Amino acid sequence: MRQRGTRGWPILFCLMWWVIIAGIVGLIDPELIKDIPVPGSYGLFFGLLAIAVWFTGALIWKNYRRAVLTTGVILGFLILRLIKLGYWLNGLLILGIAIAIDSVFTKRKERDK
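Residues numbered from 1 in each chain as written. Predicted model: local features only at pLDDT ≥ 70, side-chain atom pairs only at ≥ 80, totals over all residues. Heavy atoms only, no water.

**Q** Tell me about the confidence of the model for the chain, residues and numbers included.
**A** Across the chain, the average pLDDT comes to 90, with 93% of residues at 70 or higher. Per-element mean pLDDT across the chain ranges from 89 in helix α2 (residues 30–33) up to 95 in helix α4 (residues 64–82). (pLDDT = per-residue confidence, 0-100. Helix = DSSP H or I, 4+ residues; strand = E, 2+ residues; numbered from the N terminus.)

Now the structure itself:
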């Protein structure tokens, strides 16, 4: 029989990625990872952060589409902050777009039933 409510492995993976992110933030100089893979992009950090946020979103929402939208909102705003365009209004606009996309797909799914 399948056990209900067991989330041991996903929680372990989620914590593992957050420990890696914490290690990067706490132990590695930002100048060392700034140019990986594209100069000035912080690609390594944002890639690992995307994985950690996606796992966390998937655990919280129990829905992969919402986890992708959550990851897109958070990373989109952080990238805007990196290029000095991350104001609160831009954050609200990105969040609004994500909510609109989610509501469209949710209504489409309900309509198809």
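After that view of the structure, there is still more to cover.
**Q** Outline the pattern of salt bridges, listing residues and values.
**A** Evaluated as defined, the whole model comprises two salt bridges. We note a salt bridge from R65 to D102, for which the minimum N-O separation is 3.0 Å. With R65 in helix α4 and D102 in helix α5 (residues 88–112), this pair connects stretches of sequence that are 37 residues apart. One continuous salt-bridge network, built from bridges that share partners, spans R65, R66 and D102. (Salt bridge = Lys/Arg side-chain N within 4 Å of Asp/Glu carboxyl O.)

**Q** I'd like to hear about the nonpolar core, residue by residue, with values.
**A** Within the largest apolar cluster, 13 residues are counted, with the highest numbers of intra-cluster contacts made by I21, I24, F45, F46, L48, L49 and L75. When residues of this core are traced back to their parent elements, those giving at least two are α1 (8–27) and α3 (43–61). Looking at this core element by element, the count peaks at seven residues for α3. Discounting residues that sit within four places of it in the chain, L75 has contacts with F46, L49 and A50. (Core = buried A, V, L, I, M, F, W, Y, C linked by side-chain atoms within 4.5 Å. Buried < 20%, exposed > 50% of the residue type's maximum accessible area, 1.4 Å probe, protein only. Contact = heavy atoms within 4.5 Å.)

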